[in-house]
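# Chains, contacts and geometry: an overview
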Amino acid sequence: MSALAQLGDNLALGFSAALAPLNLLLGLAGVIMGTAIGVLPGIGPALTISLLLPLTFGMDPVGAFILFGGIYYGAMYGGSTTSILVRMPGEASSVMTALDGYAMTRQGRGGAALATAAIGSFVAGTFATVMLMLMAPALVEVALGFGPTEYFALMMLALTALSGMAGHAPAKGAFATFLGLAIGTIGIDLQTGQARFTFGVPGLLGGLNVVIVTVGLFAVGEVFWHAAQPRTSGEEPAQLGGPVRLTREDWRRSVPAWCRGTVIGFFTGVLPGAGATVASFLSYAAEQRVSRTPEEFGRGAIEGVAGPEAANNASAGGSLVPLLALGIPGSGTTAVMLAAFQMYGLQPGPLLFTQQSGLIWGLIASLYVSNVLLLVLNLPLIRVWVRLLQVPRSLLFAAVLVFATLGVYSLNNSVFDVVVVYVLGVMAFFMRRHGLPLAPTVLGVVLGPLLEQHFRRAMAISGGDPTVFFTRPVSAAILALAVAVLVVPAIVRARAARH
Amino acid sequence: MSPDQRLAAVLIAGGAAYLVGAFQIGTLAGQYAAVGPRVFPLIVGVGLLGTAAWMAVPTAVPTQLPPVRWRVAAASAFVFLAYIGALQVVGYLVATTVFIVVESRLLGSRAWTRDAIVSLAITAAVFGVFRLLLGLRLPAGLLG
């Protein structure tokens, strides 16, 4: 069978799953929930998916992932609305949008800004899903030849890349990664049955469930942190002003920005470590550079909204490529999604593509559906989304704590698990205070046990010879890349400091 | 000492404790594995210590700790802990209704009536979804 016919078959299979009434409903629920959390500052996709993990435990995995996919795409879109209208980015990935988006609103062009964000997100999301559909199976073909050595190297790359994103404080990013790896070593060693770091507590023998860790760090920690912040008020909601549509001139300026943003976003998303936020920054910088009127940026240039909004949506699609094809997440949200796969006893990677093709292709097809739903739903509902900002922060945070507590309790009917979540929440609070990033820790917890497993398997195969990681070409190349992502930014910084 | 150096001191102590724990993992004589259960934790422990020490090195941009409302933070952490305890004693329904009202007051809400109504609605909705729709168990406490 030709590759094209194969793709057609897979897509047909996927759409038959995605368009089943219940799954369609879940996709709809996902994009609505995703947009809502995108609008609300302090609540993001990683937090929401981790809160929902315990609830979806008994669900069919296909439906659960359709829900999560909708949340992921919806959140990327939702952040833009409040950036544009209130200069209050709902997500870090929408910070760039606030610059020109809010300026446009002040000039009475908020409608055009919202329209370019919505259409740009749709274009980018659809293109990214097409690329995901084409690239992931190709990557699977390559990965079929991978052994434990290569997987070890890939996981090292994911960990170093994300920890390297800590920017001006590389030590903190690196420590956060090791902290995650350390948490991951708690529990019985599966190969030898030795208890490690359990201190005689029976509840720790099975290790810390990744669901518990993500809820503790992302949900409870986030609420503790925001509760303790001095109150700030956003800008007054500006009048929308002008119809939600684009003029001919807006189209002319938006289309190239969407295209550039999409390409930048998708490939930034595929790379481990660099997520939606980096994608939107890169896209904004690129727009400013190619513009013939760079002085307009920050004062209401439509490209400054079109590019970054396309980029953050495309990066969501891109980040699913390594997650689905290799089982390697490169960001906080995809790490939580890997935790979701593990909860169902599934390990994403080449095997999953062949054994659970209904699941994978159902998810991919549902991303197309989500994109259409987002475009159709969002523009007419903009006034509803803005009103969401009036939900009192106090009640919202109290409700998140209740959900976190009960969700975790219901996993094993265990109060001990809830106490662990509490401790992790307090830890996350202090990490945020001292500028330690949380995403590398979660990635460390999720990947740590796998990393160790592959390390020991590779060493067993090589008869205890550690040079195996450097003599196999693919593994050596990936490890070199892993070192490069740590060293190169340091050199660049050192050079910049000297000048 | 800068904030980063104080943090580094605490984390070095934590890393050292982890490393001590890693050394205490038993390895059985004549074990088959090429790499035993101790090796990976030892590497991680060295990593923790090394990166914590690295944090003590002054950076070009000194870290400034963001302001925190400590009293609110401590109070809401305490109330949340009390909630977890109360779930055991008085059960889900009572504990949750009271917790939402108290916590949102702590976080600055001054609308008692609204909070009470919303709290009842959230409690009922969670009960409906968890217990009735998904059939999950919620802590019943001594009263349930």
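Within every chain, residues take consecutive numbers counted from 1 along the sequence as written. Chains carry letters from A onward and ligands carry numbers from 1 onward, assigned in written order. For this predicted model, a pLDDT threshold of at least 70 governs which residues receive local features, and a threshold of 80 or more governs which side-chain atom pairs are given and counted, while totals over whole chains, interfaces and linings are taken from all residues.

### As for helix α4 (residues 92-106) of chain B
Every α-helical turn comprises 3.6 residues, leaving residues that sit three or four positions apart pointing alike. Put simply, the rule reads: Only DSSP runs of H or I reaching four residues or more are called helices, and only runs of E reaching two or more are called strands; each is numbered from the N terminus. One fewer than the residue count of a helix, multiplied by 1.5 Å, yields its expected span. Partly exposed residues are those whose C-beta has more than 12 but fewer than 20 other C-beta atoms within 10 Å; 20 or more makes a residue buried and 12 or fewer makes it exposed, with C-beta atoms placed from the backbone. Residues are treated as contacting if the C-beta atoms built from their backbones sit within 7 Å of each other.
With 15 residues, α4 of chain B should reach 21 Å at 1.5 Å per residue; the first-to-last C-alpha distance of 21 Å fits that figure. Looking only at α4 of chain B, the buried set comprises Tyr92, Ala95, Thr96, Phe99, Ile100, Val101, Glu103, Ser104 and Leu106 of chain B. Looking at the buried residues of α4 of chain B, the elements they touch are α16 (393-412) of chain A together with α3 (70-90) and α5 (112-133) of chain B.

### Quick look at the interface of chain B and chain A
Under the convention used in this document: Classification convention: Asp, Glu, Lys, Arg as charged; Ala, Val, Leu, Ile, Met, Phe, Trp, Tyr, Cys, Pro as nonpolar; all other residues, Gly among them, as polar.
Contact residues are listed per partner, giving 56 residues for chain B and 54 residues for chain A. Residue assignment for the side of chain B that touches chain A shows that the elements contributing at least two residues are α1 (3-23), α2 (39-55), α3, α4 and α5 of chain B. Sorting elements by how many residues they give to the side of chain B that touches chain A places α2 of chain B first, with 9 residues. Of the residues assigned to the side of chain B that touches chain A, the class counts are 38 nonpolar, 14 polar and 4 charged.

### Some words on the packing of helix α5 (residues 95-106) of chain A against helix α6 (residues 110-143) of chain A
Residues and elements named next belong to chain A. To keep it simple, the criterion reads: Only the stretch in contact is used when fitting a helix axis, every axis being a line fitted to C-alpha atoms; angles between N-to-C directions are given from 0 to 180 degrees.
With their axes 7 Å apart at the nearest point, α5 and α6 run at an angle of 145 degrees to one another. Contacts between α5 and α6 involve Thr97, Gly101, Met104 and Thr105 on the former and, on the latter, Gly110, Ala112, Ala113 and Ala117. For the contact of α5 with α6, the per-class residue count stands at 4 nonpolar, 4 polar and no charged.

### A closer look at helix α3 (residues 45-56) of chain A
Residues and elements named next belong to chain A. Taking 1.5 Å of rise per residue, the 12 residues of α3 would be expected to cover 16 Å, and the 15 Å separating its terminal C-alpha atoms lies within 8% of that figure. Turning to α3, its buried residues are Pro45, Ala46, Leu47, Thr48, Ile49, Ser50, Leu51, Leu52, Leu53, Pro54 and Thr56. In the core, the buried residues of α3 are packed alongside α2 (21-39), α4 (61-86), α9 (210-227), α13 (332-343) and α16.

### Overview of the environment of Ser83 of chain A
All names here are of chain A. Positionally, Ser83 belongs in helix α4. A sequence separation of 17 residues divides Ser83 from Asp100, and the C-alpha atoms of the two residues are 9.3 Å apart. The residues touching Ser83, leaving out its near neighbours within four places in the chain, are Met88, Pro89, Ser94, Thr97, Ala98, Gly101 and Tyr102.

### Thoughts on the environment of Gly435 of chain A
Following the sequence through the fold, Gly435 of chain A ends up in the loop between α17 (415-433) and α18 (439-461). Spatially, the C-alpha atoms of Gly435 of chain A and Gly120 of chain A are 33 Å apart, while their sequence positions differ by 315 residues. Filtering out sequence-adjacent residues up to four positions away, Gly435 of chain A remains in contact with Ala169 and Lys172 of chain A together with Thr63 of chain B.

### Looking at unusual backbone geometry
Residues and elements named next belong to chain A. With phi around 50 degrees, Phe197 is a residue other than glycine that occupies positive phi space. By secondary structure assignment, the location of Phe197 is in the loop between β2 (195-196) and α9. Positive phi values are uncommon outside glycine, yet Asn413 reaches one of about 50 degrees.

### Quick word on the environment of Gln191 of chain A
Here Gln191 of chain A lies in the loop between β1 (187-188) and β2. Sequence-wise, Gln191 of chain A and Leu436 of chain A are 245 residues apart; in three dimensions their C-alpha atoms are separated by 32 Å.

### Here we look at the packing of α2 of chain A against α4 of chain A
Residues and elements named next belong to chain A. Short version of the rule: Roughly parallel means an angle under 35 degrees; roughly antiparallel, over 145; roughly perpendicular, 65 to 115; everything else is oblique. Handedness of a crossing is defined here by the sense of rotation of the near helix relative to the far one, left-handed for an anticlockwise turn of less than a right angle and right-handed for a clockwise turn.
In contact at an axis separation of 6 Å, α2 and α4 are set at 30 degrees when each is read in the N-to-C sense. In terms of orientation, α2 and α4 fall into the roughly parallel class. Of the two elements, α2 crosses α4, and the hand of that crossing is right-handed. Grouping the constituent residues of the contact of α2 with α4 by class yields 18 nonpolar, 14 polar and no charged.

### Focus: the confidence of the model for chain B
Residues and elements named next belong to chain B. We count it as follows: Confidence of the predictor at the level of single residues is captured by pLDDT, which takes values from 0 to 100.
Within chain B, residue pLDDT values average 87, and 92% of them lie at 70 or more. Mean pLDDT values over the elements of chain B span from 89, in α5, up to 94, in α2. We note a pTM of 0.88 for the whole complex and an ipTM of 0.92 for its interfaces.

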